[in-house]
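# Report on the structure
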Amino acid sequence: MTSENESLYSTASEILRSGGLVAFPTETVYGLGGDALSAESSKKIYAAKGRPSDNPLIVHIAETKSVYELAEEVPETAKILMEAFWPGPLTIILNKKASVPDETTGGLSTVAIRMPSHPVAAKLIKESGVYIAAPSANLSGRPSPTEASHVIEDMTGRIDMIIDGGPVGIGIESTIVDLSSGTPTILRPGFITKAMLETVIGPVEIDKALIEDDPTLRPKAPGMKYTHYAPKGELTIVASENGSISDNIEKIAEKINQLTKEKESHGFKTAVLTTKDNALLYKAENVILLGDERRGETVAARLYSALRECDDLGAEYIYSESYDDTDFGGAIMNRLIKAAGHRVVSV
């Protein structure tokens, strides 16, 4: 159903209030929503996605005052971040009240909360009167959906309703910051960067689980522990061992061309993910453009749809350039590394 149809909001609201599931657009990716205060609804979300039940869900709200109904305490840092970045692509983690079921928080004593800026999401939360627990509306491990067709592909027959709000704007999930204890800590990078956060609240740490591939770490936020965003083919990232990506792009391209030529000589179908700036460097049978290298937001917006495009092409081996850890580069690399299962080749 399209978001222009007013009657869909009353239908969707009734589904949510009765314990059903509704997929809807946010400014980041499409979310798969259920009543966040219903343990049964959260169980349905995990089942629909095939998602591990220790992987916490994010609670979506429409008003700042709702935070005080979900969190045990709201520190001054949280208030500053809410004022600076809400509504928008920032999720904060606080110690939860008992009213938030463990099924929603993956058994943790904390709750992840965000206020989306997308008008469809905001209207749905307000009209339903429900705090909406909503991970991305895809099968667990698959690339997140940035348009309704992706949700239809993964979720048809698994959920009660899909609201088509067109392509989303940002294209990668929200930044997650843990404020439940100690120094504010980024658990998932996103559109709101570390530098942007530090401008308003001072020093911010990065959780070691984002840096170290440690399977023993329990996830405190979505996307920390498990392979995510993965295409059906085998994705490999080719990175620069020393110096910036732009300074070493010829070496990176040479390695990717070598790898694709080898796979194609054995009859495999390949694809390369690159920016329009570097596209002419590649000789693979499928060269997929992500965006403008100088504008990381364009790469982020295209990333998941490009990974799904690889699936549509039947690509068995996929190779991607890496990105420098500046602006959106850190968030893009976080998603690519998860999608590749930490498969990285250095040149």
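Higher on the page you've got the structure.
Small disclaimer: the values here were computed from a predicted structure and weren't measured.

Okay, unusual backbone geometry next. The step from tryptophan 86 to proline 87 runs through a cis peptide bond, and the omega angle for that step is -10°. Note that proline 87 resides in the loop between α4 (76-85) and β4 (90-95). Positive phi, close to 65°, is recorded for histidine 342, a residue that is not glycine. By the secondary structure assignment, histidine 342 is in the loop between α11 (329-339) and β15 (344-346). Given a relative accessible area of 34%, histidine 342 falls into the partly exposed group.

So, about the sheet that holds strand β13 (residues 287-289). A sheet is described by the order of its strands in space; here five strands give the open sequence β13-β12-β14-β11-β15, paired in parallel fashion. Only two strands of the sheet have a single neighbouring strand rather than two, namely β13 and β15. Sheet twist, expressed as the average angle between the axes of neighbouring strands with direction ignored, equals 25°. Of the pairings in the sheet, the one linking strand β11 (residues 234-239) to strand β14 (residues 317-321) comprises five bridges and is parallel in character.

With that settled, the discussion passes to the side chain of asparagine 257. Note that asparagine 257 resides in helix α9 (residues 249-265). At 3.0 Å, the side chain of asparagine 257 and the backbone nitrogen of lysine 283 are in polar contact. For asparagine 257, the residues in contact, after removing those within four places along its chain, are Leu281, Tyr282, Lys283 and Ala284.

Turning to the environment of valine 344, a few remarks are in order. Mapped onto the elements of the fold, valine 344 is located in strand β15. Residue classification places valine 344 among the partly exposed positions, given a relative accessible area of 38%. Along the primary structure valine 344 and threonine 236 are separated by 108 residues, whereas in three dimensions their C-alpha atoms are 5.7 Å apart. Residue contacts for valine 344: discarding those within four places in its chain leaves Ile237 and Ala239.

Cut-off values and rules
- Residues numbered from 1 in each chain as written.
- Predicted model: local features only at pLDDT ≥ 70, side-chain atom pairs only at ≥ 80, totals over all residues.
- Heavy atoms only, no water.
- Helix = DSSP H or I, 4+ residues; strand = E, 2+ residues; numbered from the N terminus.
- Buried < 20%, exposed > 50% of the residue type's maximum accessible area, 1.4 Å probe, protein only.
- Pairing = 2+ DSSP bridges.
- Axes fitted to C-alpha atoms, helices over the stretch in contact; angles between N-to-C directions.
- Polar contact = N/O pair within 3.5 Å; in protein donor to acceptor, adjacent residues only side chain to side chain.
- Contact = heavy atoms within 4.5 Å.

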